[in-house]
Each structure stands twice: as structure tokens, then as C-alpha cells.
Protein chains: 2
Amino acid sequence: MTNFSATRALFDVPEGVAYLDGNSLGPLVRSVPDRVARAVREEWGTQLIRAWNDAGWMAMPDRLGDRIAPLIGAAAGTLTTGDTLSIKLHQALSAALTLTERRVILSDTGNFPSDLYIADAVARQAGGRLTSVEPEAVADALSEEVGVLMLTEVDYRTGRLHDMAALTARAKALGVVTVWDLAHSAGALPVNITGAGADFAVGCSYKYLNGGPGAPAFIYAAPAVAGRIDPAIPGWLGHAAPFAFEHSYRPARDVARFRVGTPPVLQMAALDAAMDVWDVADLSDVRARSLELSERLIDGVEAACTDLVLASPRAGKDRGSQVSFRHPEAYPIMQALIARGVVGDVRAPDILRFGVTPLYLGEAEIDACIATLAEVMDRRLWDDPAYRRRQAVT
Amino acid sequence: MTNFSATRALFDVPEGVAYLDGNSLGPLVRSVPDRVARAVREEWGTQLIRAWNDAGWMAMPDRLGDRIAPLIGAAAGTLTTGDTLSIKLHQALSAALTLTERRVILSDTGNFPSDLYIADAVARQAGGRLTSVEPEAVADALSEEVGVLMLTEVDYRTGRLHDMAALTARAKALGVVTVWDLAHSAGALPVNITGAGADFAVGCSYKYLNGGPGAPAFIYAAPAVAGRIDPAIPGWLGHAAPFAFEHSYRPARDVARFRVGTPPVLQMAALDAAMDVWDVADLSDVRARSLELSERLIDGVEAACTDLVLASPRAGKDRGSQVSFRHPEAYPIMQALIARGVVGDVRAPDILRFGVTPLYLGEAEIDACIATLAEVMDRRLWDDPAYRRRQAVT
């Protein structure tokens, strides 16, 4: 059983802050600063170029992949890390389209917008098209016309959770290649990508994996398909022998062919330290406790703030690790909350979003969120010009 | 006039090491550790999600672009940073092919292999092909059949320098779109990308810009073409309004549309600190002094080591900021050198490569390199099984 007092002690969350925005940027794990400083001062500073071998830099993309793999139910050697989620998604979708003659990518309108931009671009470049339907209509929209199903498991606005196993099974039965975006899943809830039989998965590591701002993304390719892919972006480090400097591209083994350029060593050092959390945290426990805290948040807010409308599914089994409410004044309400030490975020036009992870949150923070929100709403504290001033990042 | 004692004091090169491998990984700039630590502890650790605004994280890709721009003769607002060189090259080549109906990409066989892999993939995906000729044959191979000319200005093995102005002018006269890879140019020698009239340029920042392992790449797009591009990888942060979460992609202004995903903030913090070197270093001075030191190295090695054959152009004007020699036993020779505190690297099959930058190198290091190399060759110190053991990264 995970000891959540122990996991909380691993995080350096500022005193007096209830941080419910780990679904956007996970907070600092205490071991990260020293690990990054070591990469900078000792490895780069003193080993210089030798650090690619001596400090294991070159092995980091795959080693971090192997650390993330168990969290999504993937075997060692089926995941690698690097780049950003957009790039990894581009690679996965391009690869998926080489496994089928069909040219339609199916997604849903609740997907993260830039996932849809990338899917649209990749489909068009391949002479096909993207079709997006309502999230609830995905199962029925699957057909033998569809080449690739690309879904984000957890909706970034509402937290609505797709049934990955059922949708993947249905897709496979129709000969549809599957690509899952696990941005809001990895580290938030148990995922069984192998059991689902999905072909590809991608995700980021700066949310529930707490890898830090701009932490590398990951890509999973099922062993059955990985070796058949001719990558659309044939990078130096995706070559079977990068340092042979061969004139022609030969893909590296399996998922390693999705490595591209020089690994971001400092970001990877941060992620590596942050991954130590999973040595003492069990994802099933995290999920159970997250649902418990989420229910407390929903019940408390609904009782105290009648103007806020629950935007997330009410049943825990249909929800990821976040709780969202709608209000036309979501933006100033959230600014008022943040000014009072309760940090969530907003998603246009009207969503107040709270990430709920027990790794560093407990009843105290949930209750602070409820009480502060109630005060902000009761006393209309949000109705202040200062809270309407828009920032670049919202 | 640049004071090279002052620039040298900005670097933290280990005592007793002559580091002639800055063309692979620039050494640590002394201000970097504190800048990175601040990004980790203060910005991420205490500002958390607010740091995207308050610490200026979201502005970093373009701000760093504006810091690099003068070094390649680009105007503010025409350069952005992020991802890796492979990704930026993929974007530039994909963009270039949208500006012409012709489907041939022309490059040369001296180009970095993975530049050729990417060019080949991009060309084939667009229904075209890559043609590579000998570096000396590029000018003659340009024709009205060629859609895009893609060259690396400085050859990664020999240091041979292309005549960017002449080749770009010839390409433009024939209606050929130009893409320059400045990996071994930026920070090594003055580049005038605007004056040359090139359409795109890309480069990395971990070599002569000393941004650290996995530092972000850069991409330049000429103002005349940037606004006409529909990016092949339409990323979240290349959208005109990323936080409006619009259902369709609308490109950001000019080169900003080549931003893709979440910026690697820790890598960018390191690069930002490293760029301070250019507040006190003038690139023309760097170039002049680099040629002076390079000539000293060539003369010294040729006089002392008759078995080594100069692989670089003899005339400084034809050479970048590195000096290379050939020897069939290049690998063990370099290992023997490194064991004696002189760090260069090898490129298969037979190239000994030395990067010469006056930012932190002077006569003492050049003379140490010559003397150590002479000793290693005279006494056949390289002929030791320990020096033949291959490492993952060579």
C-alpha cells in the first residue's frame, strides 16, 4: 500500500499552496535540483564529450522509456523518449498510415486541438483526411473505411475517460490501426497498452510524471508493428548505427527507430530524478485515492457553489484524474483562486480545471480548494478588473 | 577588439585539458549552473505553472532566436528555437518544397548523413527525390530541374566551407529554394544569411554556441517566404493563438509558425546563460583568431607528424573552424590523445577532428595538442589494445 505521506515528502510544493494544476505542470520533486546540477557541473562540466558514454547520456532516451513503460503496461524495450508530444504524435500517425492502405484518420472533437492539427496535416500529406466525431460517437464511427483511430484517453477539458480496451478491440476487429495519446493518463491512472493491443501510444512527462517544463515526450510501438516501420523522420539517433555515419538510413531495432536527434540531457536528468517517485508509489493506489479525493472535491463544490456546473463525468470510472466545472466567468474566478493560494487553471471558454493527484495532495488541499472557491463565489471576489487581465499563458 | 583572456575566463574547462572538441559539444559556461538552478528551484519550484508567464518561459523560443540571429546575419523576429536540428531541418525542407513545383532536392555527399536521410524522406514523401553530388560539383549540378538546394556550410568531417553567397545566388537565379544547415557555422564564423538571400537556415546550439548537451536547435525563415508557409508539423505553439484552443490550425506570424510543442525550459535556460558570451565576443575577431590558431595547428602537426595527412582545406578561407587529419589508425590515436588530456574526436573511418575556437583556446592548447600528438605518433603510444576498445559514442 502506497504511503502518501511519504510520497508527499518527496515533493517541494510551496508552503500554503494547494497545487491542483499537476495535470498541466507537475511540481518539483526534491531530488531533481541536485540531479540536474550534477548533469550540468559534473557530467557536462568535467567529463565534457566523454559524458555521452561515461555518464550514460546516450542511453537515456531508452532507459527513461523503460522507466515509464510499466506505468502504461508496456514491456521493456517498447518505449523511447525525446522531442515533444507533437513530434511523437506526428511520428506515430505517419507510421500508422504506413500499416494500412486506408487514408482516413478518425478522432474526436474533444481531442487536444493540436493533436487534431497534426492528424489533419499527416492525413492530408498522405492523400487522406481526418474525420472528427463527438467523443460518444467514436465507437459507431469506426468502420472498414477508417485507417487509423487516434484518441486521447482523457479529455483535457472535462477529464472524460475513453474506454481504451473496448475501442481498441473494436478498431482491431475492423482492421483499424490505433494510436493513443496518454498525456493525461501516464502517472494518473493504470493503463494497459499491451493488454488493449494498441499499436502506438504517445504521451508527455511534464504532467503526472513531474518531469519539469518541456520534459521529453514518449512513444510506444507494439513489438508486432515496430519493426515494420520506415520512419517518416529518419533521425541520426534512430539509425541502427548512428556513429557509422552511413550514407543511407537503416532503422534501429523496434521503437528505437523513433529516436530522432540529440537527446535533451538536462531535461532527461530532471525526469530521471522525478521518476524515482514511482519506486514508492503504486499506480493502483494512486488511482483509488485520486478518485476518493475527486469525489470529495465534486461533493464539496456542488454543495457550496451552486453556480458552478460539473463538467466532468460524475462516475469515477468515466473520469481521469481531474475535475472540471463550468462557469461563464471561469477566467477571473480562477485568478481570484490563485491569488488565494489555490492553483488550478482554465480552458477556454468556460472551464475551471483541477488536477487531483494524491502524490502531493490530501484532504487539506481539497478542502482549501472548496472553501476558497465558496468564498470567491459567495462574495463575488472574482469581480475585479485585476482578475480579468489576460496573460499570455492562461 | 575581443579580449580572449576575458572570454576564456567565462568558461569552466577542466584544468589540464586542451579541449578541441567544442565543434561537438561546447564546454560549460560558468554562469550556466546558477541560471539552470534558478530555473529549477525558483521558477519551476516556487512559481510553478505561473512561470510560463512570470519567468518568461513562453517567450524563450523567440527570445533565444533573437539572441542567435545577429550571429548569422538575421534580423530580429526571423529566427526561433526548439526541438532538434533534425526536426528543424525536416520543417525547413518540407516548407521549401511547398514554395516550388519542382520535386528534386539537391545536396552533396559531404553533408551530415542524417541531413541526407531527412532530405531523402521529405523528398520521397512529396513524390520527389534527393540527388547528392560531390561537394565540388554542386554549382554545376544546379539547374531548373532542382527544387531545393540543401547544404551544410561546413563539412563535419573536413571542415570544408561552401561559398554560401555564390551558391545561393546561383540557386536563386535558377529559381531554386535554398536551405542551409549552419551546425558548424553558428558561433564559429560570420554568416550573412540575409545578405546571401537564402530562404531557410537551421542549426544547433550545442557546438560553437555552447548551449549544452541536447540544447535546442534553431530555424531561420526569410521574411519574404515565412508568411507563405503552411507548416508540415502544425504544432500547438506554432498556432497564432495557442491558448484559444481553436479547432483549426492558424499559423503564427512568420517564423514563429515553426514552433512546435512545449519549449524545453531547462535546456533553454542553459543556452540563455551561454549566449552571454556573445555580449563580449565579436564574431569577426573569433574568426580571425580561429584561423590563426588553426594555421598554427596545421603547421605544427605537419612538421611533427609526417604520417598524418591534412584532410581540411589548406586555405583558411575554404575552411570552417576545425582542422582534420587522416590516418588509418585515427580511432586509437585519438583515444591515446584523450588519455593525455588533449580532447578531439574521430569520424569514421579515418578522420581525426579538432575544433579550434579562441573563446577558450590559445597557443598553449594548440601547442599541447601538437606536442602530444607528436609523442603519440613517434612512440606509437596509440598501439595499445585499450585504445581500440570501441565506445557507444565515438
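Residues numbered from 1 in each chain as written. Chains lettered and ligands numbered in written order. Predicted model: local features only at pLDDT ≥ 70, side-chain atom pairs only at ≥ 80, totals over all residues. Heavy atoms only, no water.

This part is about the packing of aromatic side chains. The geometry of an aromatic ring pair is captured by the separation of the ring centres together with the interplanar angle, meaning the angle of the planes. By the definition in use, this model includes 24 aromatic pairs over all chains. Taken together, the ring pairs connect Phe112 and Tyr156 of chain A together with Trp236, Phe243 and Phe245 of chain B into an aromatic cluster. One cation-aromatic arrangement involves Arg390 of chain A over Tyr331 of chain A; the distance from NZ or CZ to the ring centre is 3.9 Å. (Phe/Tyr/Trp six-rings, centres within 6.5 Å; stacked < 30°, edge-to-face > 60°. Lys NZ or Arg CZ within 6 Å of the ring centre and 35° of its normal.)

The subject of this paragraph is the relation of the copies chain A and chain B. Here the second copy of the chain follows from the first by a rotation about an axis and a shift along it. Placing chain A over chain B gives an RMSD of 0.0 Å and needs a rotation angle of 180 degrees, together with 0.0 Å of translation along the axis. Such a turn and shift between the copies fits a two-fold axis. (Least-squares fit on C-alpha atoms with pLDDT ≥ 70 in both.)

Turning our eyes to something else, we now look at helix α12 (residues 283-304) of chain A. One turn of an α-helix holds 3.6 residues; hence residues three or four places apart share an orientation. All names here are of chain A. Compared with the 32 Å implied by 1.5 Å per residue over 22 residues, the 31 Å span of α12 between its first and last C-alpha is a close match. Looking only at α12, the buried set comprises Leu283, Asp285, Val286, Arg287, Arg289, Ser290, Leu293, Ser294, Leu297, Ile298, Gly300 and Val301. Those residues of α12 that are buried lie in contact with α1 (4-9), β9 (309-310), β10 (322-326), β13 (351-355) and α14 (363-378). The opening residue of α12 is Asp282, an N-cap whose side-chain oxygen sits 2.9 Å from the backbone nitrogen of Ser284. (Helix = DSSP H or I, 4+ residues; strand = E, 2+ residues; numbered from the N terminus. Expected span 1.5 Å × (residues − 1). Buried < 20%, exposed > 50% of the residue type's maximum accessible area, 1.4 Å probe, protein only. Contact = heavy atoms within 4.5 Å. Polar contact = N/O pair within 3.5 Å; in protein donor to acceptor, adjacent residues only side chain to side chain.)

Attention now goes to the sheet that holds β10 of chain A. Note on sheets: strands pair through backbone hydrogen bonds, and any given pair is parallel or antiparallel. All names here are of chain A. Read across the sheet, 4 strands follow the order β9-β10-β13-β12 without closing on themselves; strand pairing throughout is antiparallel. Each having just a single partner strand, β9 and β12 (345-347) make up the two edges of the open sheet. Note: β10 against β13, 5 bridges, orientation antiparallel. Within the sheet, the bridge partner assigned to Phe325 lies in β13 and is Leu352. On the sheet, helix α13 (residues 330-339) packs against β12 and β13 and is oriented at approximately 40 degrees with respect to β13. (Pairing = 2+ DSSP bridges. Axes fitted to C-alpha atoms, helices over the stretch in contact; angles between N-to-C directions.)

A few words now on the packing of helix α2 (residues 32-47) of chain A against helix α11 (residues 265-274) of chain A. For any two helices packed against each other, the geometry is given by the interaxial angle and the distance between the axes. Residue and element names in this part refer to chain A. Here α2 crosses α11 at 145 degrees, and the two axes come no closer than 8 Å. For the pair α2 and α11, the sense of crossing is right-handed. Two secondary-structure elements touch here, α2 through Val32, Arg35, Val36, Ala39 and Val40 and α11 through Leu266, Ala269, Ala270, Asp272, Ala273 and Ala274. Looking at the contact of α2 with α11 residue by residue, the class counts come to 9 nonpolar, no polar and 2 charged. (Left-handed = near helix turned anticlockwise from the far one by under 90°. Nonpolar A, V, L, I, M, F, W, Y, C, P; charged D, E, K, R; others polar.)

Looking now at the interface of chain A and chain B. Every contact between the two is made by 79 residues of chain A and, on the other side, 79 residues of chain B. The interface formed by chain A and chain B holds 2 salt bridges in total. Taking the shortest distance from any N to any O, the salt bridge between Arg41 of chain A and Asp34 of chain B comes out at 3.6 Å. Scanning the region where chain A abuts chain B turns up 17 residue pairs in polar contact (both at pLDDT 80 or more). Elements with a minimum of two residues in the side of chain A that touches chain B: α2, α3 (51-54), α5 (85-97), α6 (113-125) and α11 of chain A. Of the residues that constitute the side of chain A that touches chain B, the class distribution is 44 nonpolar, 24 polar and 11 charged. (Salt bridge = Lys/Arg side-chain N within 4 Å of Asp/Glu carboxyl O.)

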